[in-house]
Amino acid sequence: MADQVRVTVDRERCVGSATCTVVAAGLFELDEHDRAVPLTEVVSDADVVDQAAQLCPTAAIHLSPAD
Ligand code: SF4
């Protein structure tokens, strides 16, 4: 995984479990509809956000190279 990754959340898949807000604290928050939103579009700590993506129960977190 690249050092920097672009993070998006598929709002249709997100069920608001908040796992990502714990695993990658400070990188995600839940909005008023209990859907996760990335706090920054490009993240430097690829490992932690990759872990959040793997632990998301609905595979709603998508990562791509930041380039
Ligand atoms: S872990 Fe997945 S389902 Fe849970 S809030 Fe984050 S993006 Fe949504």
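Residues numbered from 1 in each chain as written. Predicted model: local features only at pLDDT ≥ 70, side-chain atom pairs only at ≥ 80, totals over all residues. Heavy atoms only, no water.

1. Describing the sheet that holds strand β5 (residues 61-65)
Link 1 in the chain: Ordered in space as β4-β1-β5, the 3 strands form an open sheet in which the pairing is antiparallel. Both outer strands of the open sheet, β4 (42-43) and β5, are each paired with one neighbouring strand and no more.
Link 2 in the chain: Sheet topology places strand β1 (residues 5-9) next to β4; 2 bridges connect them, and they run antiparallel. Directly across from R6, in β4, lies its bridge partner V42.
Link 3 in the chain: Lying over the sheet, helix α2 (residues 46-55) contacts β1, β4 and β5, oriented at roughly 145° with respect to β5. (Pairing = 2+ DSSP bridges. Helix = DSSP H or I, 4+ residues; strand = E, 2+ residues; numbered from the N terminus. Contact = heavy atoms within 4.5 Å. Axes fitted to C-alpha atoms, helices over the stretch in contact; angles between N-to-C directions.)

2. Here's the deal with the environment of A52
Link 1 in the chain: For A52, the position within the fold is in helix α2.
Link 2 in the chain: Exposure remark for A52: the relative accessible area of 1% places this residue in the buried category.
Link 3 in the chain: Along the backbone, A52 and C20 are 32 residues apart, and their C-alpha atoms lie at a distance of 5.1 Å.
Link 4 in the chain: Sequence-distant contacts of A52, defined by excluding residues within four places in its chain, comprise C20, V23, A24, F28 and I61. (Buried < 20%, exposed > 50% of the residue type's maximum accessible area, 1.4 Å probe, protein only.)

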